[in-house]
Amino acid sequence: MARKGLIQREKKRQKLEQKYHLIRRSPKKEIGKVPLLSEKWEIHGKLQSPPRNSAPTRLHRRCFSTGRPRANYRDFGLSGHILREMVHACLLPGATRSSW
């Protein structure tokens, strides 16, 4: 089980990312349209004004049941360890048991 504080921090980052999504997206479109370098620097300054934790690259995918940040399978939302246990227990329909 991951520490509660880390999971809460990740949830806070997700909320910030959703809140500032449009604010980050509009200046990125403007940068490609502007020919002058000085104007691009001004737009780049606007991109740096939102909080760092609102950037989508700061988000981590976590295991749905344990909160583990590594070895996650996107299709199931589970870490490899929990996925293996659930497949062996026949709790995931359509997943075949391998020689794990």
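Just so it is clear, the model here is predicted, and its values are computed rather than measured. (Residues numbered from 1 in each chain as written. Predicted model: local features only at pLDDT ≥ 70, side-chain atom pairs only at ≥ 80, totals over all residues. Heavy atoms only, no water.)

A. Representation of the overall build of the protein chain within the structure. A tally of helices and strands in the protein chain yields 4 helices and 2 strands. Listing every helix and strand of the protein chain by position from the N terminus yields α-α-α-β-β-α. Its C-alpha radius of gyration of 20 Å places the protein chain more than 25% over the 13 Å reference for a compact globule of 100 residues. Over its C-alpha atoms, taken along the principal directions, the protein chain stretches across nearly 60 × 30 × 20 Å. Looking at the protein chain as a whole, 24% of its 100 residues qualify as buried. A separation of at least 24 residues holds for 38% of the contacts in the protein chain among residues at least 6 apart in sequence. Only carbon and sulfur atoms are counted for the fraction: they give 54% of the accessible area of the protein chain, which is about 8,100 Å². Side chains of the protein chain give 24 positive and 7 negative charges; the mean places of these two sets differ by 8 Å. (Helix = DSSP H or I, 4+ residues; strand = E, 2+ residues; numbered from the N terminus. Rg over C-alpha atoms; globule rule 2.2 N^0.38 Å. Buried < 20%, exposed > 50% of the residue type's maximum accessible area, 1.4 Å probe, protein only. Contact = heavy atoms within 4.5 Å. Areas by Shrake-Rupley, 256 points an atom, 1.4 Å probe, with all protein chains shown as cover. Lys, Arg positive; Asp, Glu negative; His and termini not counted. Charge placed at Lys NZ, Arg CZ, Asp CG, Glu CD.)

B. Quick peek at the nonpolar core. Of all hydrophobic cores here, the largest spans 6 residues; its members are Cys-63, Leu-78, Ile-82, Leu-83, Val-87 and Leu-92. It is helix 4 (residues 80–88) that provides the largest number of residues to this core, a total of 3 residues. Setting aside chain neighbours within four positions, we find Cys-63 in contact with Arg-68, Asn-72, Gly-77, Leu-78, Ser-79 and Ile-82. (Core = buried A, V, L, I, M, F, W, Y, C linked by side-chain atoms within 4.5 Å.)

C. Highlighting the domain arrangement of the protein chain. Split into domains, the protein chain comes out as domain 1 (1–58) and domain 2 (60–99). Centre-to-centre, using C-alpha coordinates, domain 1 lies 30 Å away from domain 2. The partner domain 2 presents 5 residues to the 7 residues of domain 1 that form the contact. In total, domain 1 and domain 2 occlude about 490 Å² of area from one another, counting both sides; carbon and sulfur atoms represent 48% of this. (Domains from an automatic or database assignment. Buried area = accessible area lost by both parts, 1.4 Å probe.)

D. View of the side chain of Thr-66. Counting through the fold element by element, Thr-66 comes out in the loop between helix 3 (37–47) and strand 1 (72–73). Under the relative-accessibility criterion, Thr-66 is labelled buried at 18%. A polar contact is formed between the side chain of Thr-66 and the backbone nitrogen of Arg-68, at a distance of 3.4 Å. (Polar contact = N/O pair within 3.5 Å; in protein donor to acceptor, adjacent residues only side chain to side chain.)

E. Region of interest: the packing of helix 2 (residues 21–33) against helix 3. Following both chains from N to C, one finds helix 2 and helix 3 inclined at 165 degrees, their axes separated by 9 Å at the closest point. Judged on the interaxial angle alone, helix 3 and helix 2 are roughly antiparallel. Seen along the crossing, helix 2 lies across helix 3 with a hand that is left-handed. Between helix 2 and helix 3, the residues in contact are Arg-24, Pro-27, Lys-28, Glu-30 and Ile-31 and Lys-40, Ile-43 and Leu-47, respectively. For the contact of helix 2 with helix 3, the class distribution of residues is 4 nonpolar, no polar and 4 charged. (Axes fitted to C-alpha atoms, helices over the stretch in contact; angles between N-to-C directions. Parallel < 35°, antiparallel > 145°, perpendicular 65-115°, else oblique. Left-handed = near helix turned anticlockwise from the far one by under 90°. Nonpolar A, V, L, I, M, F, W, Y, C, P; charged D, E, K, R; others polar.)

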